[in-house]
Amino acid sequence: MPTFPDDLISLSVFGLGYVGCVSAACLASRGYRVIGVDANPAKSEFLRQGTSPILEERIGQLTAESVASGLLTVSDDPEQAVLDTDITLVCVGTPSEPGGGLSTRYLERATEDIARALAVKAGWHVVVFRSTMVPGTCEDVLIPTLERGSGKRAGSDFGVCLNPEFLREGSSVRDFLDPPKTVVGESDPRSGEMVMQLYDGLPGPRFRLPIAAAEMTKYVDNSFHAMKVAFANEIGAICRSLGLDSHTVMEVFLADTKLNISTAYLRPGFAFGGSCLPKDLRALTYTARHHDLDVPLLANVLPSNEAHLRRALDVVTSSVRRRVGIFGLSFKPDTDDLRESPLVELAERLVGKGYQLKIYDANVYMSRLTGANRAYISERLPHLGELLTDDADEVVEHAEVCVVGTREPAVVSAIDRCTDDHLVIDLVRLPGAERRRDDNSYVGIGW
Ligand SMILES: NC(=O)c1ccc[n+]([C@@H]2O[C@H](COP(=O)([O-])OP(=O)(O)OC[C@H]3O[C@@H](n4cnc5c(N)ncnc54)[C@H](O)[C@@H]3O)[C@@H](O)[C@H]2O)c1
């Protein structure tokens, strides 16, 4: 039996499926001592023999080498595995329940085993959840299970981290060693630091976050990836029905790294609008329907936008205050274009419900005077035209509720002058707004 230095960090890995096997073999290949544990004896036996229970590029060789070197071993005693190691990675399955919810039964069972070991363990131990779980699961279900079972406190007597895995089956060893990013949610900085160190030398950006935010990152990624596939396939189906080569069309789309394959449009804010996006989505989904094509993703983008607008309306109406100030009216800053602006829609619905409005938008106010947008305002929105002012402070004075739809500097300073008596609904997350997240008189709808 080989001997290892006493200060060598050692890990136990619970669950030897795709994530667990790859984590165990890759960490052992990086020089850590790893003990694998699985509820299925057949999987444990495979690994004990130096054979990977999963089929993946390079995993067979890595597993055989790690087992032969003595760095990767297997235990049938979960509690002893925790007692013999510094860090436990939990990689058990989290399948769907029949209703779509996430089953935490395997997580809870593994966590109970770990808690029993923590109850009698003297040294510092970090429990790291790698399984995918909906935000809140760790803090609401797993940490209480660990604390109840061990009689100890997370963050002070032992550490808990959430370290989602971003590997793709088929290229998982490559992805583990060349990750797109490393994310660690932590109960305390010491534990976060210990877990981050496991990945020292690996490329990609690193993030240390609150535990629930780390849980969410995995869902953001997977839902976006699924949406990308569905989007490409719906576009492909429309192209095909129009006799177009979808791959030629998508090459052009993909070549645009300013607006398409970029960070553009991905920060939560208010609904979209303007003279192009709503009109073009309507025309494209109409064309699909005309060709008997079902494109539910594209067809539901405008309803999603409407739902977002309604969220803003609901915050105003549930505030039971009648005097409302709106900052920004055009569909985006630095323009006076009001066509299909969601802020116009919001203002019109509030006027329709009898709210007393004042609206600040310097660009729109000017165009009303100079004629650029005059006809549109006087013909389509005569009632809103009368509510416009170019004095942001006048709106603050009028309003009990301030709805912020622009990050214009004059608006930032006007909102700074709001008192605790104002309810501020910040649709655009003004600079510094994150500091007021817990303030009941300052709310967002997408942040
Ligand atoms: N497969 C992927 O590509 C991938 C990628 C990223 C994240 N994830 C997430 O990682 C988690 C694991 O996924 P997977 O594909 O590796 O699952 P898997 O089903 O392949 O493996 C899970 C293993 O956990 C074992 N297990 C169950 N209960 C146990 C317990 N109490 N103690 C010890 N072992 C136990 C099972 O026997 C099984 O071998 C899931 O939450 C999944 O959503 C998966």
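Everything here concerns the structure above.
Residues numbered from 1 in each chain as written. Predicted model: local features only at pLDDT ≥ 70, side-chain atom pairs only at ≥ 80, totals over all residues. Heavy atoms only, no water.

Draft legend 1. Geometry of the nonpolar core. Val-34 and Ile-87 are the most contacted members of the largest nonpolar core, which totals 37 residues. Mapped by element, the contributors of at least two residues to this core are strand 1 (10-14), helix 1 (18-29), helix 3 (59-69), strand 3 (72-74), strand 4 (87-90), strand 5 (126-129), helix 7 (172-177) and helix 8 (189-197). Top contributing element to this core by residue count: helix 1, with 7 residues. Residues within four places of Val-34 in sequence aside, it is in contact with Leu-11, Val-13, Ala-24, Leu-27, Ala-28, Leu-71, Leu-72 and Thr-73. Formed by 31 residues, the second largest nonpolar core is a distinct cluster that contains Leu-313, Val-316, Leu-343 and Val-344. (Core = buried A, V, L, I, M, F, W, Y, C linked by side-chain atoms within 4.5 Å. Buried < 20%, exposed > 50% of the residue type's maximum accessible area, 1.4 Å probe, protein only. Helix = DSSP H or I, 4+ residues; strand = E, 2+ residues; numbered from the N terminus. Contact = heavy atoms within 4.5 Å.)

Draft legend 2. Representation of the environment of Ser-304 in the model. Within the secondary structure layout, Ser-304 lies in helix 13 (residues 301-317). Taking the C-alpha atoms as reference points, Ser-304 and Arg-380, 76 residues apart in sequence, are found 25 Å from one another.

Draft legend 3. Expanded view of unusual backbone geometry. The phi dihedral of Arg-58 is positive, around 70 degrees, even though this residue is not glycine. Mapped onto the secondary structure, Arg-58 falls in the loop between helix 2 (41-48) and helix 3. A relative accessible area of 42% places Arg-58 in the partly exposed class. Even without a glycine there, the phi angle at Val-320 is positive, about 45 degrees. Note on placement: Val-320 falls in the loop between helix 13 and strand 9 (323-327).

Draft legend 4. Looking closely at the pairing of strand 8 (residues 206-209). In this sheet, strand 8 lies alongside strand 7 (residues 182-186) in parallel orientation, the contact comprising 4 bridges. Note on strand 8: the bridge partner recorded for Val-184 is Arg-208. Where the polypeptide runs from strand 7 across helix 8 and back to strand 8, its parallel neighbour, the crossover connection is right-handed. (Pairing = 2+ DSSP bridges. Right-handed = clockwise from strand over helix to strand, strands pointing away.)

Draft legend 5. Molecular detail of the sheet that holds strand 4. Ordered by their spatial adjacency, 8 strands build an open sheet running 3-2-1-4-5-6-7-8, and the pairing between neighbours is mixed. Whereas interior strands pair on both sides, the edge strands pair on one side only; in this sheet they are strand 3 and strand 8. On average, each strand axis in the sheet is tilted by 25 degrees relative to the strand beside it, whichever way the strands run. In terms of strand pairing, strand 1 meets strand 4 through 4 bridges, oriented parallel. Across the sheet, Leu-11 pairs through a bridge with Ile-87, a residue of strand 4. Sitting on the sheet, helix 9 (residues 211-241) is in contact with strand 6 (159-162), strand 7 and strand 8, with an inclination near 145 degrees to strand 7. (Axes fitted to C-alpha atoms, helices over the stretch in contact; angles between N-to-C directions.)

Draft legend 6. Molecular detail of the side chain of Thr-145. Mapped onto the secondary structure, Thr-145 falls in helix 6 (residues 137-150). The buried category is assigned to Thr-145, whose relative accessible area is 7%. Setting aside its immediate chain neighbours within four residues, Thr-145 contacts Glu-108, Thr-111, Glu-112 and Ala-115.

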